[in-house]
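Spelled out, the chains give:
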Amino acid sequence: MWLKFGNNRVEKKKTSIKMRTLNPVYNESFFFEIPWDKIREAAIEVIVMDFDKVGRNEMIGKIILSSKSGPLETRHWNDMITKPRQQVAQWHLLKD
C-alpha cells in the first residue's frame, strides 16, 4: 500500500502475508497522515502480490483510492475525508 502525491510514492505500508491463497482476505487497519492542503493530489495505491519463496512475486491486482478514481473508489475516498480519524471500511474488486 502506497501513499502517493501526484506520481510520487511517499510512504509505504505492508500487510501480513497470506500463505497458499490467490484470494486473500485482509482485516487490517492503516493510517496515513495527509496534510489538508495536499488532499486533492493524494492517492492510496493498494497492490496485492502473489508471494513466492522461489521465483518472482507476481501482481494479483491493484486499486487506487483518490478523488479522481472510479465511482466506488471515489465514494470510499470521500467517506474517509468526511470522517477523519474514524474507521471506514469497504470491499473493492482488484483491477489488472
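Just so it is clear, the structure is predicted and the values come from calculations on it, not from any experiment. (Residues numbered from 1 in each chain as written. Predicted model: local features only at pLDDT ≥ 70, side-chain atom pairs only at ≥ 80, totals over all residues. Heavy atoms only, no water.)

Q: Any details on the overall build of the protein? Residues and values, ideally.
A: Regarding its fold elements, the protein presents 1 helix and 4 strands. Reading the helices (α) and strands (β) of the protein from amino to carboxyl end gives β-β-β-β-α. Seen through its C-alpha atoms, the protein measures out along the principal axes to roughly 45 × 25 × 20 Å. Across the 96 residues that make up the protein, the buried fraction comes to 21%. Residue pairs in contact within the protein that sit at least 24 positions apart in sequence constitute 42% of those at least 6 positions apart. A total accessible area of about 7700 Å² is found for the protein, and carbon and sulfur atoms account for 51% of it. Computing the positive centroid from 17 side-chain charges and the negative centroid from 12, the protein places the two 1 Å apart. (Helix = DSSP H or I, 4+ residues; strand = E, 2+ residues; numbered from the N terminus. Buried < 20%, exposed > 50% of the residue type's maximum accessible area, 1.4 Å probe, protein only. Contact = heavy atoms within 4.5 Å. Areas by Shrake-Rupley, 256 points an atom, 1.4 Å probe, with all protein chains shown as cover. Lys, Arg positive; Asp, Glu negative; His and termini not counted. Charge placed at Lys NZ, Arg CZ, Asp CG, Glu CD.)

Q: With reference to specific residues and values, describe the nonpolar core.
A: Side chains of nonpolar character tend, in soluble globular proteins, to be buried together. In terms of nonpolar packing, the biggest core is built from 10 residues, these being L3, F5, F32, I39, A42, I44, V46, I63, L65 and W77. When contributions to this core are tallied by element, the ones reaching two or more residues are β1 (2–5), β3 (42–50) and β4 (58–66). Ranked by the residues each element gives to this core, the list is headed by β3, at 3 residues. Setting aside anything within four residues of it in sequence, one finds F32 in contact with M1, L3, E11, K13 and I44. (Core = buried A, V, L, I, M, F, W, Y, C linked by side-chain atoms within 4.5 Å.)

Q: So what about the sheet that holds strand β2 (residues 8–12)? Which residues, and what values?
A: Spatial ordering of the open sheet is given by β2-β1-β3-β4, a layout of 4 strands whose pairing is antiparallel. Looking along the sheet, the strands with just one partner apiece sit at the ends: β2 and β4. Here the average twist between neighbouring strands, direction ignored, is 30°. In this structure, β1 lies alongside β2, joined through 4 bridges in antiparallel fashion. Directly across from F5, in β2, lies its bridge partner N8. Sheet strands in contact with helix α1 (residues 71–82) are β3 and β4, and its direction is about 55° off that of β4. (Pairing = 2+ DSSP bridges. Axes fitted to C-alpha atoms, helices over the stretch in contact; angles between N-to-C directions.)

Q: A description of the side chain of E73 should follow, citing residues and the corresponding values.
A: Its place among the elements puts E73 in helix α1. Of the residues examined, E73 reaches a relative accessible area of 6% and is grouped as buried. The contacts of E73, once residues within four sequence positions are left out, are I63, I64, L65, S66, H92 and K95.

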